[in-house]
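Survey of secondary and tertiary structure
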Amino acid sequence: MDGKPTTQTLFAVAQALLLLVAPVAAAAPATAPQSASQSSLPDDVEPADAIYVMENGDAVLAYNGSGTGGTTATYGANVTAGLVHMLVTDDVESNATAAASLVMTPDGFAGNGSITAERPPSLKRLSLDATGEQNAKTAKADLTLDAAFDSRSAGTSAFEAASTNGHVTITPDSLSTKGEAVVTATSSMGSESELRYDLRETEDGYVLKGSRSGTVSFYMSDYWSTREAAKSYLRTQYAGIAERYGGSATVTISRYDYQERDGRPTLDIEYTVEYTGLEAAITRSLVAGLKGSQDVSLSDEEIDALAEDVKALKVDHVTFEMTQRSNEMRVNWDAKIENYDEAASAAITVARSMNGEASVDRQSVEQMKTAFEAQQAANLKQTVEWSGEMTRPSSGTTAATAEIHYRTKNWDAYVAEMERRGVELGSSSFEFHAKSNGGDVTAEASVELKQKELLSKMTDAVVSSLDPETDAEALKVLRAFERSEFRTARVDVNVDQGTVTVEGGAKFDNLSALSTALGDSYGGLNVASVAGRSNDGKTTTYVRVEGLVGEDATEEDVRALAVADSETTIHLPGEWDREFPSMETGNVSEYLGVEQENATGTNSDSKSGGQPGFGVAAALVALAGVAMLVRRD
């Protein structure tokens, strides 16, 4: 929980925003208004089904199409007001009830939701709670679980019980972990056996003490059948590693007993492997590799200094034990690595110096370096502790309990050190609660993330990680999004009695910036707004364009345009009198919680000489992928 935004987080936010914008982004003006004499619009512009021309040369293009049978939707955009909005209703085969809301701003996002659904027959009991927070003073998280379910459906019928507990602790210069795991099966897991390892660093090298006892497989029996064969096999396993790097190893067997009973070979052995010169040998190999690499821009003196940092790493102890008794297997471990900080710093230095095909993302490396140095300066300590247990209270039931806790020490100092290095971590929190209640399961969740210019920073991070040649289209969209001056977005989802309703909207101060990135469906015409409706399998989209033709244009002038063809119905001024749907910008602004701006198109109707505006909501596409509703079948 270091508070840094991730690529996954950005894509989740960007996808939500682009789903709102995609179906209407083409409404943004890309060029100056065209006129009847400018009939050289792109050939791939789809002609409208009908064109309603106004007295001043503006026009409304009407497109008819088909939608999803049970879906009702309104969608559109008002470019002048910088608003997009959607409202979609559809049938869903579900008895669940749910509600969720998400609000995004340039400085973060916040969301919450709840759901009540029928409890699955295999689930007998559930209580799950997860919480977490990160702010200027602390960073912590907790999870608790208490559940019971049908053993057969959960695939746990082969186990009688299982449990685990342990911890992982990270400090600026050490890493330690200790834990245990036990599994008890309903039947025998095989013959009894034990396996133990204990590795420790000494002044001269490393000492590994090992032992094992139990049955040996037939295909391995020749390796253990005599003391000499066992020693040779151990040397092959362990000494070969040291010799490969120029070190040496001595193998000593202190206990040995090999027998064959009833045709089954058994072994009881204890041995010691003493490594000498291994650390120096590995360091020499590392130095030689770095100095001989064309992808590392470090001097020989710098590489030699890094080698000394790597040598500072110390293995205090690493122990591992596995014991099998009839139907039970038990695993224990305990490890501690000290002085890893200098080796980690050396690794970061090497990563920063990589070039050519071996280079890594520089920004990620710099972020890692900054966070690592801040942890060192703040003496940050992070700990994860866990415990869990699975039991069989009855023949057909499995019960499970678990706890996970994350804690930090000196977090406030770490935040201060990051800010001193120009990095603001911001704050975040989340909660998730789920429980069974009779025949239902209910869940509630909330999440919040705040950080100054969060969206801009995440966008910059992704842009810098993309390849200009292979990711050209993605870069085009992201850079256009940066120029769009995004202000806020909101999405609400409700499911009740077999009906799902999705409403969403977004506010941009420069919505036209997205036009060239997401497509120009109207051949560069100066589009002011878009409004669409979908109902009973029919979809109609109305696009208002400014300056389509001159004030005295004829039907031939209009039909000469690329947005018309021989089948387009042309309505000249004075020949039509009707209303068109339009975006209620006041309602959309209120929904988004932004101040309404004066913009053409706030009226709910318009006639032949009026100035109608459009753009009610771009969301049908967010639900059903109908991004091409503005297109005709």
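These notes cover the structure that comes with them. (Residues numbered from 1 in each chain as written. Predicted model: local features only at pLDDT ≥ 70, side-chain atom pairs only at ≥ 80, totals over all residues. Heavy atoms only, no water.)

What follows covers the pattern of salt bridges. In total, this model carries 24 salt bridges according to the counting rule given. Of the charged contacts in the structure, one is a salt bridge between Glu555 and Arg559, with a shortest N-O distance of 2.8 Å. Taken together, the residues span about one helical turn, with Glu555 and Arg559 both in helix α13 (residues 555–559) at a distance of 4 residues. For Glu555, a relative accessible area of 34% puts it in the partly exposed group. Residue classification places Arg559 among the partly exposed positions, given a relative accessible area of 26%. What emerges from the salt-bridge pattern is a single network uniting Glu194, Arg196, Glu321 and Arg325. (Salt bridge = Lys/Arg side-chain N within 4 Å of Asp/Glu carboxyl O. Helix = DSSP H or I, 4+ residues; strand = E, 2+ residues; numbered from the N terminus. Buried < 20%, exposed > 50% of the residue type's maximum accessible area, 1.4 Å probe, protein only.)

Taken as a whole and judged by the stated rule, the model has 12 aromatic pairs. The interplanar angle of 45° and the centroid separation of 4.9 Å between the aromatic rings of Tyr223 and Tyr233 together place this pair among those described as tilted. Of the two residues, Tyr223 sits in helix α3 (residues 221–224) while Tyr233 sits in helix α4 (residues 227–244), which places them 10 residues apart along the sequence. Among the residues examined, Tyr233 registers a relative accessible area of 18% and is labelled buried. Judged by centre distance (5.1 Å) and plane angle (55°), the ring pair of Trp411 and Tyr414 falls under tilted. With a gap of 3 residues between them, Trp411 and Tyr414 both fall in helix α9 (residues 411–420), about one helical turn apart. Exposure remark for Tyr414: the relative accessible area of 1% places this residue in the buried category. Members of the aromatic cluster, connected to one another through ring pairs, are Tyr52, Tyr542, Trp576 and Phe580. If you follow Arg578 out to its NZ or CZ, it ends over the ring of Tyr52, 5.3 Å from the centre. (Phe/Tyr/Trp six-rings, centres within 6.5 Å; stacked < 30°, edge-to-face > 60°. Lys NZ or Arg CZ within 6 Å of the ring centre and 35° of its normal.)

Quick look at the nonpolar core now. Trp224, Leu234, Ile269, Val273 and Tyr275 are the most contacted members of the largest nonpolar core, which totals 23 residues. Of all elements in the fold, only β12 (205–215), α4, β13 (248–261) and β14 (264–276) reach the threshold of two or more residues within this core. Per-element accounting of this core gives the leading share, 6 residues, to α4. Ignoring sequence-local partners within four residues, the contact set of Tyr275 consists of Asp204, Gly205, Tyr206, Leu208, Tyr238, Ala242, Ser248 and Ala249. If you look at the next biggest cluster of nonpolar residues, it comprises 21 residues, including Val527, Val545, Leu548 and Val563. (Core = buried A, V, L, I, M, F, W, Y, C linked by side-chain atoms within 4.5 Å. Contact = heavy atoms within 4.5 Å.)

So, on to the packing of helix α5 (residues 278–291) against helix α6 (residues 300–311). Relative orientation of the contacting elements α5 and α6 amounts to 150°, with a least axis distance of 10 Å. One element, α5, and the other, α6, form an angle in the roughly antiparallel class. Classified by chirality, the crossing of α6 by α5 is right-handed. Residues Glu279, Thr283, Leu286, Val287, Leu290 and Lys291 of α5 lie in contact with α6, whose contacting residues are Asp300, Ile303, Asp304, Ala307, Val310 and Lys311. Taken together, the residues that form the contact of α5 with α6 break down as 6 nonpolar, 1 polar and 5 charged. (Axes fitted to C-alpha atoms, helices over the stretch in contact; angles between N-to-C directions. Parallel < 35°, antiparallel > 145°, perpendicular 65-115°, else oblique. Left-handed = near helix turned anticlockwise from the far one by under 90°. Nonpolar A, V, L, I, M, F, W, Y, C, P; charged D, E, K, R; others polar.)

What follows covers a nonpolar patch on the surface. A contiguous nonpolar patch, built from Ile241, Tyr245 and Ile282 and spanning about 250 Å² of accessible area, is present on the exposed surface. Positionally, Tyr245 belongs in the loop between α4 and β13. Look at Tyr245 and you get partly exposed, because its relative accessible area is 37%. (Patch = residues over 30% accessible without salt bridge, like charges linked within 9 Å, V, L, I, M, F, W, Y side chains within 5 Å. Areas by Shrake-Rupley, 256 points an atom, 1.4 Å probe, with all protein chains shown as cover.)

With 6 of 8 residues buried, strand β2 (residues 59–66) is to be regarded as a mostly interior element. Sheet topology places strand β1 (residues 50–53) next to β2; 4 bridges connect them, and they run antiparallel. Paired with Ala50 across the two strands is Ala62, which belongs to β2. Counted along the chain from β1 to the antiparallel partner β2, the turn is 5 residues long, and its residue Gly57 has a positive phi close to 95°. By the bridge criterion, 8 bridges tie β2 to strand β24 (residues 538–546) in an arrangement that is antiparallel. Looking at β24, one finds that Tyr63 is bridged to Thr541. (Pairing = 2+ DSSP bridges.)

A few words on the pairing of strand β10 (residues 174–185). With 11 bridges joining them, strand β9 (residues 159–170) and β10 adopt antiparallel strand pairing. By the bridge assignment for β10, His167 is matched with Lys178. Linking β9 to β10, which pair antiparallel, is a turn of 3 residues. Across 11 bridges, β10 lies against strand β16 (residues 328–338) in antiparallel orientation. Its bridge partner lying in β16, Thr184 is registered against Glu328.

In contact at an axis separation of 10 Å, helix α7 (residues 340–353) and helix α8 (residues 362–378) are set at 160° when each is read in the N-to-C sense. The angle between the axes of α7 and α8 places the two elements in the roughly antiparallel class. Judged by the sense of rotation from one axis to the other, the crossing of α7 with α8 is left-handed. Mapping the contact onto sequence places Tyr340, Asp341, Ala344, Ser345, Ile348, Ala351 and Arg352 in α7 and Arg362, Val365, Glu366, Met368, Lys369, Phe372 and Gln376 in α8. For the contact of α7 with α8, the residue count by class is 7 nonpolar, 2 polar and 5 charged.

Glancing now at α9. Among the residues making up α9, those that are buried are Trp411, Tyr414, Val415, Glu417 and Met418. Down the axis of α9, the buried set is contained in an arc of 165°. They therefore lie on one face. Along its buried surface, α9 packs onto β7 (123–134), β8 (139–150), α8 and β18 (397–409). With its phi angle positive at about 85°, Gly422 sits one or two positions after the end of α9. (Arc of directions from axis to C-beta.)

Quick look at the environment of Val365 now. The topology assignment puts Val365 in helix α8. Val365 gets classed as buried once you look at its relative accessible area, which sits at 7%. C-alpha of Val365 to C-alpha of Ala351: the two residues are 14 residues apart in sequence and 7.0 Å apart in space. In this structure Val365 touches Ile348, Ala351, Arg352 and Val360, once residues within four positions along its chain are discounted.

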